[in-house]
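Descriptive analysis of the structure
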Amino acid sequence: DGDTLWVGGLEKSVRLESIDAPEMSNNLCGGRLEMELGRRAASRLVQLLNEHDVSLTLSGTDRYKRNLGTLWIDGHDVGDILMSEGLARRWPDGPEFWCTN
């Protein structure tokens, strides 16, 4: 989804620690709206990765043993870019605006 990426050199995924993006699977709080927004967030993340030189700062692991990190483009946090475009929320306390419940 829009808050996780695969880094080949690490051979595992990295969870962007500052944001939460909608999920792309069903039966979640936002239903179809959440899935569509999740696909848009993931597509935008791929676009940013493909169009820019990026750097990644790792900061540890979470309770699920996922790598945590911040992705940077020209000194800008990619999470901030996704949030400014309405594709993610601040983690952990930003409102899940895509939820319909």
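To be clear, the structure that these remarks concern was listed above.
None of the values given here were measured: they were computed from a predicted structure.

Along its length, the chain carries 2 helices and 7 strands. In the chain, the succession of α and β elements from N to C terminus is β-β-β-α-β-β-β-α-β. For the chain, the residues scored as buried account for 38% of the 101 residues in total. Restricting the contact set of the chain to residue pairs at least 6 apart, pairs at least 24 apart contribute 50%. As displayed, the chain has an accessible area near 6000 Å², and 50% of this comes from carbon and sulfur atoms. Taken together, the 11 basic and 17 acidic charged side chains of the chain have centroids lying 6 Å from each other.

Before going further, it helps to spend a moment on helix α1 (residues 31-51). Residues separated by three or four positions in an α-helix point in the same direction, a consequence of the helix having 3.6 residues per turn. For α1, with 21 residues, the first-to-last C-alpha span of 30 Å sits near the 30 Å given by 1.5 Å per residue. Looking only at α1, the buried set comprises Glu34, Met35, Leu37, Gly38, Ala41, Ala42, Arg44, Leu45 and Leu48. Looking at the buried side of α1, the elements it contacts are β1 (4-7), β2 (12-16), β5 (67-73) and α2 (78-84).

Another point: the pairing of strand β4 (residues 55-61). The side chains of a regular strand alternate between the sheet's two faces. Relative to β5, β4 runs antiparallel, the two sharing 6 bridges. Looking across to β5, one finds that Leu58 is bridged to Gly69. Joining the antiparallel neighbours β4 and β5 is a turn of 5 residues, in which Lys65 adopts a positive phi near 70°.

A few words now on the side chain of Arg44. By the element assignment, Arg44 lies in helix α1. According to the relative accessible area criterion, Arg44 is buried, its value standing at 19%.

What counts as what
- Residues numbered from 1 in each chain as written.
- Predicted model: local features only at pLDDT ≥ 70, side-chain atom pairs only at ≥ 80, totals over all residues.
- Heavy atoms only, no water.
- Helix = DSSP H or I, 4+ residues; strand = E, 2+ residues; numbered from the N terminus.
- Buried < 20%, exposed > 50% of the residue type's maximum accessible area, 1.4 Å probe, protein only.
- Contact = heavy atoms within 4.5 Å.
- Areas by Shrake-Rupley, 256 points an atom, 1.4 Å probe, with all protein chains shown as cover.
- Lys, Arg positive; Asp, Glu negative; His and termini not counted.
- Charge placed at Lys NZ, Arg CZ, Asp CG, Glu CD.
- Expected span 1.5 Å × (residues − 1).
- Pairing = 2+ DSSP bridges.

Everything listed here is a matter of coordinates, which is why it stays silent on function.
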